[in-house]
Amino acid sequence: MPRWKKKMAREEKKPSFRDNQKAFLCTVNGTRELNIENYGTLGDFSENKIVLNCYKCKMIIEGDHLRIEYFTDVDMRIIGRIHSIHF
């Protein structure tokens, strides 16, 4: 391999999933708890539907008795009976 290609290969560093600030991470714990990191902004919310505006998509959580247990500028927890999650 030519020297310049080796140098480019060393210098080229792909960002990892965790390093990308625009990626969101969604963790579902059963049907009653959802943790979301890097969610973007909170759109519409009611007892049956919560809409999050993530980077390049919307996340729609539907269910019964949905409640935002806590949220910060980085993460949030949604509890209730979760029926579906759409992107």
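The model shown is predicted, which means the values in this text are computed figures rather than measured ones.

Chemist: Where do I start with the side chain of Asn35 in this structure?
Modeler: Mapped onto the elements of the fold, Asn35 is located in strand 2 (residues 33-37). For Asn35, a relative accessible area of 18% translates into the label buried. Reaching out from Asn35, the side chain makes a polar contact with the side chain of Glu33 at a distance of 3.4 Å. Sequence-distant contacts of Asn35, that is, excluding residues within four places in its chain, are made with Leu25, Cys26, Thr27, Asn29, Met76 and Arg77.

Chemist: Could you clarify how one ought to interpret the pattern of salt bridges in this entry?
Modeler: A pair can form between side chains of opposite charge whenever their charged atoms are brought close. Per the counting criterion, the structure on display carries two salt bridges. Measuring nitrogen to oxygen at the nearest pair gives 3.6 Å for the salt bridge that ties Glu33 to Arg77. Taken together, the residues Glu33 in strand 2 and Arg77 in strand 6 (residues 75-86) connect sequence positions 44 residues apart. Residue class for Arg77 comes out partly exposed when judged on its relative accessible area of 24%. Glu69 serves as the salt-bridge partner of Arg77, at 3.3 Å between the closest nitrogen and oxygen.

Chemist: Before we go on, may I ask you to explain the sheet that holds strand 6 in this structure?
Modeler: Picture the strands of a sheet paired through backbone hydrogen bonds; they go either parallel or antiparallel. Ordered by their spatial adjacency, six strands build an open sheet running 1-2-6-5-4-3, and the pairing between neighbours is antiparallel. Where the open sheet ends on each side, the last strands, each with one partner, are strand 1 (25-29) and strand 3 (41-45). Neighbouring strand axes in the sheet, compared pairwise and without regard to direction, differ in orientation by 45° on average. In the sheet, strand 3 pairs with strand 4 (residues 49-54) via three bridges, with the strands oriented antiparallel. Paired with Thr41 across the two strands is Asn53, which belongs to strand 4.

Chemist: Could you clarify how one ought to interpret the nonpolar core in this entry?
Modeler: Grouped burial of nonpolar side chains is what soluble globular proteins tend to show. Residues Ile36, Leu52, Met59, Ile61 and Ile78 are the most contacted members of the largest nonpolar core, which totals 13 residues. When contributions to this core are tallied by element, the ones reaching two or more residues are strand 2, strand 4, strand 5 (57-71) and strand 6. In this structure Met59 touches Phe24, Cys26, Ile36, Ile50, Val51, Leu52, Cys54, Ile85, His86 and Phe87, once residues within four positions along its chain are discounted.

Chemist: Sorry, what's going on with the pairing of strand 4 here?
Modeler: Look at any regular strand and the pattern is simple: side chains alternate between the two faces of the sheet. Here strand 3 hands over to strand 4 after three residues, the two strands then running antiparallel side by side. With six bridges joining them, strand 4 and strand 5 adopt antiparallel strand pairing. Along strand 5, the bridge assignment pairs Val51 with Ile60. With antiparallel pairing between neighbouring strands as the criterion, strand 4 and strand 5 make up a hairpin whose turn holds two residues, including Lys56 at a positive phi of roughly 65°.

Chemist: Explain the state of the cysteines to me, please; I cannot follow it from the model alone.
Modeler: Simply put, disulfide is the name for a covalent bond between the sulfur atoms of two cysteines. Following the criterion strictly, the structure yields zero disulfides and no others. Cysteine Cys26 remains unbridged, with the sulfur of Cys54 as its closest cysteine sulfur at 8.5 Å. The thiol of Cys57 is unpaired, and the distance to the nearest cysteine sulfur, on Cys54, comes to 4.8 Å. When its relative accessible area of 25% is taken as the criterion, Cys57 is described as partly exposed.

Basis of the calculations
Residues numbered from 1 in each chain as written. Predicted model: local features only at pLDDT ≥ 70, side-chain atom pairs only at ≥ 80, totals over all residues. Heavy atoms only, no water. Helix = DSSP H or I, 4+ residues; strand = E, 2+ residues; numbered from the N terminus. Buried < 20%, exposed > 50% of the residue type's maximum accessible area, 1.4 Å probe, protein only. Polar contact = N/O pair within 3.5 Å; in protein donor to acceptor, adjacent residues only side chain to side chain. Contact = heavy atoms within 4.5 Å. Salt bridge = Lys/Arg side-chain N within 4 Å of Asp/Glu carboxyl O. Pairing = 2+ DSSP bridges. Axes fitted to C-alpha atoms, helices over the stretch in contact; angles between N-to-C directions. Core = buried A, V, L, I, M, F, W, Y, C linked by side-chain atoms within 4.5 Å. Disulfide = S-S within 2.5 Å.

Fair warning: the whole summary comes from geometry, so function is off the table for now.
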